[in-house]
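Topology and contacts: notes
Chain residues, written in single-letter form:
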Amino acid sequence: MNVDGKHYRTVWLEGRELALINQPLLPHRFEIVRMPSYRETAAAITTMITRGAGAIGATGALGMVQAVLEAPERGFHDFIADAATTMRATRPTAQNLFYGINQVLRAVESCGDDIGAAREAARHAGQEVADDDAACCEAIGQHGLAVVPDGARVSTHCNAGWLAFVDWGSALSPIYAAHRAGRKVHVWVDETRPRSQGARLTAWELGQEGVSHAVIADNAAGHMMRTGQVDLVIVGSDRIAINGDVANKIGTYTSALAAKANGIPFYVAAPTTTIDPDCDHGDDIPIEVRDHDEVRWTWGWSDEGRFMRVRTTPDGSPGHNPAFDVTPAELVAGIITERGIVPASRAGLEPVARR
Ligand code: MRU
């Protein structure tokens, strides 16, 4: 990823501390925060200091490495089991989180009662989860190049760029690859209420990379498609059921329906770590419901340079805040993975799914 011309990752381990990009401050301020222990790391996932499927997968894995390094010799395995329970409870929908945690647990278990070896194996496994995420996303960019021709006008929803992964991103990776290959690409960025990941994060990322883009209100997406201003849609995913149903940020389903109605290909880009081999159907994917105040209030930067929260609803009106939705497989043109573009079906996904 490219921040003012400098290469960063979203998350990395420095000794026992975990370093993260503080995403709620973007695009107004770029700041790195450090989490001294696995408990703070878990809280950073819940409060969305870090967010996005791949980023929380790597953060969960590296948070587990912190727990393994913190665990006392007496009660070593119980401490780690408690930490895994805490880490799993941070957010329910993204499959990458559970994959990342399990990779570290497996490495520890393979060492039996050799605590020194377990600490070393955990460190290695956590780093491997992060490196693998970055490599998969880079490969997604190369495979996705095939669907982003010169002059393409692409619609995207939420943020599935480098901030949502360790590097490169999923949905934005083919766009970055096309841009770097000299193709002209324009991106319509859905604002993505209530937390505005599109307006705040995707727009900022695309600006850092010099990619042409404009932010549109979520409810403008159908109009843009019907009036011939969109050639294709690429979104990310938080969990893909083995039948090809796809969970992604709330609003994705609406975009997929509009794309279908207008004959526009709707692609999903995701590393194979997002596929849940044990989930048969999209209806089985746990959908996170977050605090209704995320709908009732919004955050922004005032002209006077103050970061502030303002309420946009009547004081007495409650909100309701499902954070994800499920797009049925039949609306998906293909899933762009690090192994190539595969059909959104059991036949397409089973051969590439990971445990
Ligand atoms: O709630 P978030 O910001 O963690 O949402 C997850 C996402 O970033 C999106 O749903 C994204 O499109 C999936 S790919 C990381």
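This one's a predicted model, so the numbers in the text were calculated from it and none came from an experiment.

Summing up its helical and strand segments, the chain has 11 helices and 18 strands in all. Expected size for 355 residues packed as a compact globule is a radius of gyration near 20 Å; at 20 Å, the chain falls within 12% of this value. For the chain, the proportion of its 355 residues judged to be buried stands at 57%. A separation threshold of at least 6 residues defines the contact pool for the chain, and within that pool the share at least 24 residues apart is 74%.

So, on to the site of the ligand. As a matter of local geometry, the ligand sits amid 17 residues, with R51, R91, D238, N248 and K249 nearest to it. Q197 is positioned with one of its side-chain polar atoms (N or O) 2.9 Å from an oxygen atom of the ligand. Across the complex, the protein chains shield 100% of the 400 Å² of accessible surface that the ligand would expose by itself. A breakdown of the residues in the shell around the ligand according to their chemical character gives seven nonpolar, six polar and four charged. Looking at which domains feed residues into the shell around the ligand, each of domain 1 (2-138) and domain 2 (142-349) supplies at least three.

For the pair helix α2 (residues 53-70) and helix α4 (residues 95-109), the least separation of the axes is 7 Å and the interaxial angle reads 30 degrees. The orientation of α2 with respect to α4, classified from their angle, is roughly parallel. Crossing angle aside, the handedness with which α2 passes α4 is right-handed. Judged by residue contacts, A53, G54, I56, G57, G60, A61, M64, V65 and V68 of α2 engage N96, L97, G100, I101, V104, L105 and V108 from α4. Grouping the amino acids of the contact of α2 with α4 by side-chain chemistry returns 11 nonpolar, five polar and no charged.

Inspection of the entire model under this criterion finds six aromatic pairs. Seen from their ring centres, Y8 and F30 are 4.9 Å apart, and the 70 degrees between their planes marks the pair as edge-to-face. Taken together, the residues span a long stretch of sequence, with Y8 in the loop between β2 (6-7) and β3 (11-14) and F30 in the loop between β4 (17-21) and β5 (32-35) at a distance of 22 residues. For Y8, a relative accessible area of 18% corresponds to the buried category. A relative accessible area of 28% means that F30 is categorised as partly exposed.

Before going further, it helps to examine unusual backbone geometry. Cis geometry is adopted by the peptide bond preceding P27, which originates at L26 and carries an omega value of 5 degrees. Structurally, P27 is set in the loop between β4 and β5. Cis peptide bonds are those with omega within 30 degrees of zero, and the linkage from R193 to P194 qualifies with 10 degrees. Its place among the elements puts P194 in the loop between β7 (185-190) and α7 (197-209). Phi at M48 is positive, roughly 65 degrees, even though this residue is not glycine. Topologically, M48 is positioned in the loop between α1 (38-46) and α2.

Turning our eyes to something else, we now look at the sheet that holds strand β17 (residues 334-337). Paired through backbone hydrogen bonds, the strands of a sheet run either parallel or antiparallel to each other. Taken in spatial order, the seven strands make up an open sheet running β8-β7-β6-β9-β12-β17-β18, and their pairing is mixed. At either end of the open sheet lies a strand with only one pairing partner, and these are β8 (212-216) and β18 (340-342). Put simply, the sheet's adjacent strands are angled 25 degrees from each other on average, direction ignored. By the bridge criterion, three bridges tie β17 to β18 in an arrangement that is antiparallel. Note on β18: the bridge partner recorded for I335 is V342. Of the strands in this sheet, β6 (152-156), β7 and β9 (232-235) are in contact with helix α6 (residues 173-180), which crosses β7 at around 155 degrees. Lying on the sheet, α7 is in contact with β6, β7 and β8; it crosses β7 at an angle near 165 degrees.

Definitions and limits used
Residues numbered from 1 in each chain as written. Predicted model: local features only at pLDDT ≥ 70, side-chain atom pairs only at ≥ 80, totals over all residues. Heavy atoms only, no water. Helix = DSSP H or I, 4+ residues; strand = E, 2+ residues; numbered from the N terminus. Rg over C-alpha atoms; globule rule 2.2 N^0.38 Å. Buried < 20%, exposed > 50% of the residue type's maximum accessible area, 1.4 Å probe, protein only. Contact = heavy atoms within 4.5 Å. Near = heavy atom within 4 Å. Polar contact = N/O pair within 3.5 Å; in protein donor to acceptor, adjacent residues only side chain to side chain. Areas by Shrake-Rupley, 256 points an atom, 1.4 Å probe, with all protein chains shown as cover. Nonpolar A, V, L, I, M, F, W, Y, C, P; charged D, E, K, R; others polar. Domains from an automatic or database assignment. Axes fitted to C-alpha atoms, helices over the stretch in contact; angles between N-to-C directions. Parallel < 35°, antiparallel > 145°, perpendicular 65-115°, else oblique. Left-handed = near helix turned anticlockwise from the far one by under 90°. Phe/Tyr/Trp six-rings, centres within 6.5 Å; stacked < 30°, edge-to-face > 60°. Pairing = 2+ DSSP bridges.

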